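# Geometric and topological summary
Chain residues, written in single-letter form:
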Amino acid sequence: MLEKLFLEMISYYGGDPKRIQHFTKVHSYAKLIGEREQLSPEELYILEAAAYTHDIGIKPAEEKYGSSAGKLQEQEGPAVARGMLMRLGFAENVIERVCYLIGHHHTYTGIEGRDYQILVEADFLAIAACLQEVPVWVHAVVAAVQLVAGAICGRVVFCLLCSLIDVFAILTLREARA
């Protein structure tokens, strides 16, 4: 069933290799972490399905709002995923959890469940893998600040700090290329 979902997601993002590569990387990281954390077969199955579909809300968000902002992905993604997962024959309990994860994967507070935590981590890892030109020390600073801010400060401060770090990383990349 997961293979059918993978192929369906490739079709869904047809002509957009960047998106296909991203969800493929997220799935690879999520599966690896899930196996190492010894998730039950059902938890791993749900995690893998969520990893393939976590950004499914990007297309409708861009079509409706001209933006792929995380909150819009969370808002628009579950309905699209539900239709796809039902069409492919996934069980209702799997669909419910996958839709929950899609609807929260850019929410970094109140994380409930190992599948949710692993999906967020896998998404961060896949995004970091795309920033290979950024110096390694910037990645270390980003990771440290995300961990500390997420644990101590709460969501608003966390988001602000992540935005500042992103700007810093972009400026550093520009200087490195100059």
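Residues numbered from 1 in each chain as written. Predicted model: local features only at pLDDT ≥ 70, side-chain atom pairs only at ≥ 80, totals over all residues. Heavy atoms only, no water.

### Concerning the side chain of D123
Cut-off, in case you're wondering: Helix and strand definitions here come from DSSP, where helices need a minimum of 4 consecutive H or I residues and strands a minimum of 2 consecutive E residues; each element is numbered from the N-terminal end. Throughout this description, buried means an accessible area under 20% of the type-specific maximum (1.4 Å probe, protein chains only), exposed means over 50%, and partly exposed covers the range between. Lys and Arg are tallied as positive, Asp and Glu as negative. Neither His nor the chain termini are counted. Salt-bridge detection follows one rule: a side-chain nitrogen of Lys or Arg within 4 Å of a carboxyl oxygen of Asp or Glu. Any two residues whose heavy atoms approach within 4.5 Å are treated as being in contact.
By secondary structure assignment, the location of D123 is in helix α7 (residues 114-130). No salt bridge is formed by the buried D123; the nearest opposite charge belongs to R19, separated by 9.5 Å. Discounting residues that sit within four places of it in the chain, D123 has contacts with H22, V26, H54, H105 and H106.

### Focus on helix α5 (residues 70-88)
Applicable threshold: The span expected for a helix works out to 1.5 Å for each residue beyond the first.
For α5, spanning 19 residues, the distance from its first C-alpha to its last is 26 Å, which sits close to the expected 27 Å at 1.5 Å a residue. Within α5, burial applies to G70, L72, Q73, E74, E76, G77, P78, A81, M84, L85 and L88. Of the surrounding secondary structure, the elements contacted by the buried residues of α5 are α1 (2-12), α4 (58-65) and α6 (92-102). Positive phi appears at G89, one or two residues downstream of α5, with a value of about 90°.

### Here's the deal with the environment of E43
Put simply, the rule reads: N or O atoms closer than or at 3.5 Å make up a polar contact, with two conditions inside protein: a donor-capable atom paired with an acceptor-capable one, and, for residues adjacent in sequence, both atoms drawn from side chains.
Looking at the element boundaries, E43 is found in helix α3 (residues 41-53). Residue classification places E43 among the partly exposed positions, given a relative accessible area of 29%. Here the side chain of E43 touches S40 through a polar contact of 2.9 Å, landing on its backbone nitrogen. At 3.2 Å, the side chain of E43 and the side chain of R114 are in polar contact.

### A look at the packing of aromatic side chains
Keep this limit in mind: Centres within 6.5 Å are what make two rings of Phe, Tyr or Trp a pair, Trp counting through its six-membered ring; a difference in plane orientation under 30 degrees is then read as stacked, over 60 as edge-to-face, and the rest as tilted.
Per the stated rule, a full pass over the model turns up 8 aromatic pairs. An aromatic cluster is present here, built from F6, Y12, Y13, F23 and Y52 joined pairwise through their rings.

### Concerning the pattern of salt bridges
Counting across every chain of the model gives 10 salt bridges. The salt bridge partner of K64 is E76, with a shortest N-O separation of 2.8 Å. Placement of the pair is K64 in helix α4 and E76 in helix α5, with a sequence separation of 12 residues. Look at E76 and you get buried, because its relative accessible area is 9%. As a salt-bridge pair, R97 and D115 come within 2.6 Å of each other at their nearest N and O atoms. Residue R97 is found in helix α6, and its partner D115 is found in helix α7; the two are separated by 18 residues along the sequence. In this structure R97 comes out as partly exposed when scored by relative accessible area, which is 22%.

### Quick word on α6
Quick note on the threshold: What the arc describes is the spread of directions from the helix axis to the C-beta atoms.
Of the residues making up α6, those classed as buried are V94, I95, V98, C99, L101 and I102. Buried positions in α6, seen along its axis, are confined to an arc of 160° and lie on one side of it.

### Re the nonpolar core
Heads up, the condition is: Here, the term nonpolar core denotes a set of buried Ala, Val, Leu, Ile, Met, Phe, Trp, Tyr and Cys residues that are joined through side-chain atoms within 4.5 Å.
Among the nonpolar cores identified, the biggest contains 37 residues, and L5, M9, F90 and V98 are the most heavily contacted of them. When contributions to this core are tallied by element, the ones reaching two or more residues are α1, α2 (17-36), α3, α5, α6 and α7. With 7 residues, the top contributor of residues to this core is α3. Contact partners of M9, with chain neighbours within four places excluded, come to F23, Y52, T53, I56 and M84.

### Focus on the packing of α4 against α5
Where we set the bar: Here an angle of 0 to 180 degrees is reported between the N-to-C directions of two axes, which are lines fitted to C-alpha atoms, with helices fitted over the stretch in contact. Left-handed describes a crossing whose near helix is turned anticlockwise from the far helix by less than a right angle; the clockwise case is right-handed. Note that Gly is not counted as nonpolar here; it falls among the polar residues with everything else outside the nonpolar set of Ala, Val, Leu, Ile, Met, Phe, Trp, Tyr, Cys and Pro and the charged set of Asp, Glu, Lys and Arg.
In the contact formed by α4 and α5, the axes pass within 7 Å of each other and the chain directions differ by 120°. Helix-helix and strand crossings are classified by hand; for α4 and α5 the assignment is right-handed. Here I58, P60, A61, K64 and Y65 of α4 lie close against α5, whose contacting residues are L72, Q73, Q75, E76 and V80. By residue class, the composition of the contact of α4 with α5 is 6 nonpolar, 2 polar and 2 charged.

Honestly, it's all geometry; don't read function into it.
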